[in-house]
Amino acid sequence: MTEITTLDRLDRRILDQLQRNARISNLELAEAVGLSPTPCARRVTRLEESGLIRGHATLLDQQKLGLSLTAFISISMDRHTPDRFETFEEAVRDYPEVIECAVVTGQNSDYLLQVVVPDMAYYERFLLGRLTRIPGVSGVQSSFVLRRVVQRTALPLETRLPAQDGQH
């Protein structure tokens, strides 16, 4: 794996375009970022080999698939031991309903899960039949999405904040 220490303006433009449309042709990508096709393809290959581009995904419409309920679930563990955490993490990796799981801090929980299911009845079966049966789970708190305000898959490539009035 080739390591990239800095991204130049063209790399960022390439990554931005690929985040917007992973199916863009190399010719279209080169035109969009102001390169000729061969150097553009070389840059994409370098970004892939470096691991910055981890893969390509197809985004599906959750509602049209009948997956209308999204829950954020805070999980508390009874003990903070490596074996408890390993058991929990191994279990949730196998649940396709869990689309994200993160170890968190600053709350009264150890994990935050994002779960997508068809409806509340399915959620209840998932929660009581699977999630709470994982050894070590001592607390569960669920929040349900009513409406999405922002949902992005693209990472912010320009992370500098604009200067505030009077500051540079």
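Structure: above.
What counts and what doesn't
- Residues numbered from 1 in each chain as written.
- Predicted model: local features only at pLDDT ≥ 70, side-chain atom pairs only at ≥ 80, totals over all residues.
- Heavy atoms only, no water.
- Pairing = 2+ DSSP bridges.
- Helix = DSSP H or I, 4+ residues; strand = E, 2+ residues; numbered from the N terminus.
- Axes fitted to C-alpha atoms, helices over the stretch in contact; angles between N-to-C directions.
- Contact = heavy atoms within 4.5 Å.
- Core = buried A, V, L, I, M, F, W, Y, C linked by side-chain atoms within 4.5 Å.
- Buried < 20%, exposed > 50% of the residue type's maximum accessible area, 1.4 Å probe, protein only.
- Patch = residues over 30% accessible without salt bridge, like charges linked within 9 Å, V, L, I, M, F, W, Y side chains within 5 Å.
- Areas by Shrake-Rupley, 256 points an atom, 1.4 Å probe, with all protein chains shown as cover.
- Salt bridge = Lys/Arg side-chain N within 4 Å of Asp/Glu carboxyl O.
- Lys, Arg positive; Asp, Glu negative; His and termini not counted.
- Charge placed at Lys NZ, Arg CZ, Asp CG, Glu CD.
- Parallel < 35°, antiparallel > 145°, perpendicular 65-115°, else oblique.
- Left-handed = near helix turned anticlockwise from the far one by under 90°.
- Nonpolar A, V, L, I, M, F, W, Y, C, P; charged D, E, K, R; others polar.
- Arc of directions from axis to C-beta.

**Q** Which parts of the structure should I look at to understand the sheet that holds strand 1 (residues 69-77)?
**A** Pairing between sheet strands relies on hydrogen bonds along the backbone, with the strands arranged either parallel or antiparallel. One open sheet accounts for four strands, arranged 2-3-1-4; its pairing is antiparallel. Strand pairing shows two members of the sheet lacking a second neighbour, strand 2 (98-103) and strand 4 (137-144), which therefore form its edges. The mean inter-strand angle of the sheet, taken between neighbouring strand axes irrespective of direction, is 20°. Relative to strand 3 (residues 111-117), helix 4 (residues 82-93) is tilted by about 15°, and along the sheet it contacts strand 1, strand 2, strand 3 and strand 4.

**Q** Looking at this structure, how should I read the nonpolar core?
**A** For soluble globular proteins, the rule of thumb is that nonpolar side chains tend to be buried together. With 21 residues, the main nonpolar core has I75, F88, L113 and L131 as its most contacted residues. Broken down by secondary-structure element, the contributors of at least two residues to this core are strand 1, helix 4, strand 3 and helix 5 (120-129). Once residues within four sequence positions are removed from consideration, F88 is found in contact with I75, M77, C101, Y111, L113, L131, I134 and V137. Membership of the second largest hydrophobic core comes to eleven residues, among which are I14, L29, A30 and V33.

**Q** Could you clarify how one ought to interpret a negative patch on the surface in this entry?
**A** Negative charge collects at one region of the surface, where D83, E86, E90 and D94 lie side by side. Mapped onto the elements, D94 comes out in the loop between helix 4 and strand 2.

**Q** I tried to follow the packing of helix 1 (residues 9-20) against helix 2 (residues 26-33) on my own but got confused; where do I start?
**A** The angle between the axes and the distance between the axes are what describe a pair of packed helices. Axis separation between helix 1 and helix 2 bottoms out at 10 Å; the angle between their running directions is 130°. Judged by the inter-axis angle, helix 1 sits oblique to helix 2. Note on packing geometry: the crossing formed by helix 1 with helix 2 is right-handed. Here L10, R13, I14, Q17 and L18 of helix 1 come into contact with helix 2, specifically with L29, A32 and V33. Residue composition of the contact of helix 1 with helix 2, by class: six nonpolar, one polar and one charged.

**Q** Help me understand helix 2 in this model?
**A** Three or four residues apart is the spacing at which side chains of an α-helix point the same way, because the helix has 3.6 residues per turn. Those residues of helix 2 that fall on the buried side of the exposure criterion are L29, A30 and V33. Across the axial projection of helix 2, the buried residues extend over an arc of 100°, all falling on one side. Within helix 2, the exposed residues directed more than 90 degrees away from the buried face are L27 and E31. With its phi angle positive at about 85°, G34 sits one or two positions after the end of helix 2.

**Q** Before we go on, may I ask you to explain helix 5 in this structure?
**A** Along helix 5, the residues classified as buried are Y123, F126 and L127. Along the axis of helix 5, the buried residues cluster in a sector spanning 95°; they form a single face. Buried-residue contacts for helix 5 involve strand 1, strand 2, strand 3 and strand 4.

**Q** Can you walk me through the packing of helix 2 against helix 3 (residues 37-49) in this structure?
**A** Their axes nearest at 9 Å, the elements helix 2 and helix 3 cross at an angle of 100°. It follows from the interaxial angle that helix 2 and helix 3 lie roughly perpendicular. On helix 3, the residues touching N26, L27, L29, A30 and V33 of helix 2 are P37, C40, A41 and V44. Class assignment of the residues belonging to the contact of helix 2 with helix 3 gives a composition of eight nonpolar, one polar and no charged.

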